[in-house]
Amino acid sequence: PIRDDYYILTLNDGTQLKLTDEHPIFIKSGIYEGWASIDPKRTFADCKMKVEKIEIGYFAMKNLLGWLEIVEIKRVLEQVQTYNLKDVGNAQTFFAEGILVHNKPGSGGMPGSGG
């Protein structure tokens, strides 16, 4: 689908991930570790997946090697072609720009939980 906007999430090592507001990534904060998106209500409306809200200062999992801090979330107001990936495995997770993300068709579990 073509979207009217997208976001650029920047980590403290300079890694940048372009994503839509409902797309979940695996994060941790002081009290939470699990899936989160920029707009959890849209994520739930899109795929019935309950997630937390991504905030600056939270950490994203990069390449299973560790956690890097989210230092910026920037909205880009321009049309962008997006893609829905298929057949990413039973866990419905994969790495995009080295960051652990969820493919969204399931109910939303931990990596490797099937959903």
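To be clear, the structure that these remarks concern was listed above.
Computed from a prediction, not measured in an experiment: that's the story for all the values here. (Residues numbered from 1 in each chain as written. Predicted model: local features only at pLDDT ≥ 70, side-chain atom pairs only at ≥ 80, totals over all residues. Heavy atoms only, no water.)

## With respect to the nonpolar core
Consideration 1: In terms of nonpolar packing, the biggest core is built from 15 residues, with Leu 9, Leu 17, Leu 19, Ile 25, Ile 54 and Ile 70 touching the most fellow members.
Consideration 2: Contributions of two or more residues to this core are made by strand 2 (6-11), strand 3 (16-19), strand 4 (25-28) and strand 11 (99-102).
Consideration 3: A total of 3 residues in this core trace back to one element, the largest contributor, which is strand 2.
Consideration 4: Within the second largest apolar cluster, 7 residues are counted, among which are Trp 35, Met 49, Met 61 and Leu 100. (Core = buried A, V, L, I, M, F, W, Y, C linked by side-chain atoms within 4.5 Å. Buried < 20%, exposed > 50% of the residue type's maximum accessible area, 1.4 Å probe, protein only. Helix = DSSP H or I, 4+ residues; strand = E, 2+ residues; numbered from the N terminus.)

## So, the pairing of strand 7 (residues 59-62)
Consideration 1: In this structure, strand 4 lies alongside strand 7, joined through 2 bridges in antiparallel fashion. When the sheet's bridge partners are listed, Ile 27 is paired in strand 7 with Ala 60.
Consideration 2: Sheet topology note: the strand 7/strand 8 (residues 66-76) ladder contains 4 bridges and is antiparallel. Bridge pairing in strand 8 places Met 61 opposite Trp 67. (Pairing = 2+ DSSP bridges.)

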